[in-house]
Amino acid sequence: MLVAYVDESYDRERYYVAAAIATLDQWDAVTERMTGVRRRTAVEHGTDPAIEFHGHELMGGAGSWRSLRGRHREAAGISLAVLRAALDCGVRYVLCGVDTAQLKARSHDPRTPHAVAFGHVLEQIDRYTGACGDGEQAIVVADEIATQAEHQRAFAGYQEFGTPGSQSSRLRNISSPINFACSRFADGLQVVDLAVSVHYRRERVRNPHPAARRTLAQQWAAIAPAVVHRETWPTDGGADDSDEEERRPR
């Protein structure tokens, strides 16, 4: 059984939805590593031993991470420890985005950017799971959102009639229903939050500071080897980093 955790990051022009996928045993190993990072961080920085790894707050020294305000090197080291733990344990990523303006220009398409990106992520989770063979199934766990009932209905429609578009899928490799959870209590949601935050900043933020660019490059280096699909619709022509044979769960 695979578990795919899903989260998002966006601005007015781009909407990104990402999934972090691994087996139950791999997620258990990730949790063990993250618990160790929390313990070290609590000792070194006085943070809550059960603190949530939230990308925006961690890198900005905000919220529960306010003790790291202005301490960019330390914050980067913590995020890298989590991302490298996920990489070492075999987590794989799907990164899907939508060009919001181009979607709005398609007057015949009433879907929101989130709905489109979420649908693309579900297609890729289904594809990746199917490539694992042996009747493998994936459980999808998304961060709690106000419109989750709407997305449950959309998912049910996809499984009955197929997803929209030329590569329609009925998502037979994904177990119903989609699950929604609080990120504070789900390490997988925290991993994908960090990953999609890095992907967003790499795609959308142009920071002139050399140290910030080096940090982002290091963070991306802890994610890139595990990316099995990366695409922004419709701007990049379907760039696909997939290699199911080499990157399927071990």
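Residues numbered from 1 in each chain as written. Predicted model: local features only at pLDDT ≥ 70, side-chain atom pairs only at ≥ 80, totals over all residues. Heavy atoms only, no water.

### Describing the sheet that holds strand β6 (residues 227-233)
So, step 1. If you trace the six strands from one edge of the open sheet to the other, you get β5-β4-β1-β2-β3-β6, paired in mixed fashion. The sheet is open, and its two borders are formed by β5 (179-181) and β6, each paired with just one other strand. When the angles between neighbouring strand axes are averaged without regard to direction, this sheet yields 20 degrees.
So, step 2. Examined bridge by bridge, strand β4 (residues 138-143) and β5 share three bridges and lie parallel to one another. Counted as the bridge partner of A142 is F180 from β5.
So, step 3. The strands touched by helix α1 (residues 24-45) within the sheet are β1 (2-10) and β2 (14-23), with β2 carrying the most contacts at an inclination of about 105 degrees.
So, step 4. Lying over the sheet, helix α7 (residues 187-204) contacts β1, β2, β3 (92-99), β4, β5 and β6, oriented at roughly 40 degrees with respect to β1. (Pairing = 2+ DSSP bridges. Helix = DSSP H or I, 4+ residues; strand = E, 2+ residues; numbered from the N terminus. Axes fitted to C-alpha atoms, helices over the stretch in contact; angles between N-to-C directions. Contact = heavy atoms within 4.5 Å.)

### With respect to the environment of H199
So, step 1. Among the secondary structure elements, H199 is positioned in helix α7.
So, step 2. For the pair H199 and G61, spaced 138 residues apart in sequence, the C-alpha separation works out to 19 Å.
So, step 3. Discounting chain neighbours no more than four positions away, the residues touching H199 are Y16, L95, W220 and R230.

### Some remarks on α1
So, step 1. The end-to-end C-alpha distance of α1, which contains 22 residues, comes to 31 Å, matching closely the 32 Å that a straight helix rising 1.5 Å per residue would cover.
So, step 2. What α1 keeps buried is the set Q26, W27, V30, M34, G36, V37, R38, T41, A42 and H45.
So, step 3. Against β1, β2, α3 (72-88) and α7 lie the buried residues of α1.
So, step 4. One or two residues past the end of α1 sits G46, with phi positive at roughly 70 degrees. (Expected span 1.5 Å × (residues − 1). Buried < 20%, exposed > 50% of the residue type's maximum accessible area, 1.4 Å probe, protein only.)

### Some remarks on α3
So, step 1. Counted at 1.5 Å a residue, the expected span for α3 with its 17 residues is 24 Å, and the 24 Å between its end C-alpha atoms agrees.
So, step 2. Those residues of α3 that fall on the buried side of the exposure criterion are A75, A76, I78, S79, L80, V82, L83, A85 and A86.
So, step 3. Its buried side turned inward, α3 meets α1, α2 (55-60), β3, α7 and α8 (210-221).
So, step 4. Backbone geometry just after α3 places G90 at a positive phi near 100 degrees.

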